[in-house]
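Per-entry structural report
Chain residues, written in single-letter form:
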Amino acid sequence: TWERIAAMNSIIFQLGEISIGEDEQEMARKVEGEARFLRAQFYFWLANVYGQPYRKESATTDLCIPLKTTEEVEDRYFSRATAEEVYGLMVEDLTRAAECLRGISQTTKYRTNQAAAFLLLSRVHLYMENYEAAITAADSVLAKKDYALNDLNAHEKGTNAVDINSTETIFTHGLYMMHTLLPNAVRAYVSGQGYVNKCTGYTCSDDLMNSYDQTDLRLNVFFKERTLAGTNGYCCWKMLDCEREVSDKFAIRLPEAYLNKAE
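As the structure is a computational prediction, the values presented were derived from the model and not from experiment.

Some thoughts on the packing of aromatic side chains
- Evaluated as defined, the whole model comprises seven aromatic pairs.
- Relative to F250, the ring of F42 has its centre 6.1 Å away and its plane inclined at 90°; by these criteria the two rings are edge-to-face. Of the two residues, F42 sits in helix α2 (residues 25–50) while F250 sits in the loop between β7 (234–236) and β8 (252–253), which places them 208 residues apart along the sequence.
- Residue class for F250 comes out buried when judged on its relative accessible area of 7%.

Below, the structure written as structure tokens:
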């Protein structure tokens, strides 16, 4: 992740160093917007894994993660920045990304756009307890008519709940990891038995499965029963077909805009 942040730092720096012609302005805005969005997303990921939670009353002193925004390699020890500094950079980057990506049309959902920038900005503001700003950013997403919620009543069992072609998917990059964490079953060597179907990952708890009413549509959309010999229980799989992969770590999807605003 730090390597990716370093790459974004270099791109942002170089955009300020090169001569950009009039006919290249839109491309330059697109590249800067993508770089600033990704830098903010990478910092958000690292901050939530390694930093202290953002707390308004102590954000100016709570230690988060090291903060580096320059392009050069520096031979020095980087100490942790405060939560206020790290989250402040995210807000700055995402606000600028939303400006740069205004009117930019992407040909694939594997490249970010203005709606994704507004949605991640809404998430960051929500974490910072800037509730009015979170609502404003979420409303900027909901005002766009390019996306729509899926009707679970019309969902075809056995198909992806989350799909790159879905009207809910705004942007995604990275891998889908639930197939590794909650596998159906794998072939494993057992002494005296040879290779057998043996689950080595996690299973949805009985408490979780029993919390759903049997008429709940989500049971047939987000869960898959293990069927191979030697396995039992349920996997939580939003994607059965990984050819149209959507990340479970870095995806930006429309339902979050409603959730952020409601919260």
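Now that the structure has been shown, the text picks up again.
Re the environment of F44
- Locating F44 in the fold gives a position in helix α2.
- Assessed through its relative accessible area of 7%, F44 is described here as buried.
- It is 7.9 Å that separates the C-alpha atoms of F44 and V124, two residues lying 80 residues apart in sequence.
- Discounting residues that sit within four places of it in the chain, F44 has contacts with Y87, M90, R123, V124 and Y127.

Structural notes on the nonpolar core
- The biggest cluster of nonpolar side chains holds 45 residues, and the ones touching the most others in it are F37, Y87, M90, V124, I170 and I252.
- For Y87, the residues in contact, after removing those within four places along its chain, are F44, A47, N48, Y54, V124, Y127 and M128.
- Core analysis: the second largest hydrophobic core is formed by nine residues, V162, Y176, M178 and C235 among them.

Concerning the confidence of the model for the protein chain
- Looking at the protein chain as a whole, the pLDDT averages 88, with 87% of positions reaching at least 70.
- The low-confidence segment residues 185–189, where pLDDT is below 50, has 17 contacts with residues more than four positions distant or belonging to other chains.

Rules used in this analysis
Residues numbered from 1 in each chain as written. Predicted model: local features only at pLDDT ≥ 70, side-chain atom pairs only at ≥ 80, totals over all residues. Heavy atoms only, no water. Phe/Tyr/Trp six-rings, centres within 6.5 Å; stacked < 30°, edge-to-face > 60°. Helix = DSSP H or I, 4+ residues; strand = E, 2+ residues; numbered from the N terminus. Buried < 20%, exposed > 50% of the residue type's maximum accessible area, 1.4 Å probe, protein only. Contact = heavy atoms within 4.5 Å. Core = buried A, V, L, I, M, F, W, Y, C linked by side-chain atoms within 4.5 Å. pLDDT = per-residue confidence, 0-100.

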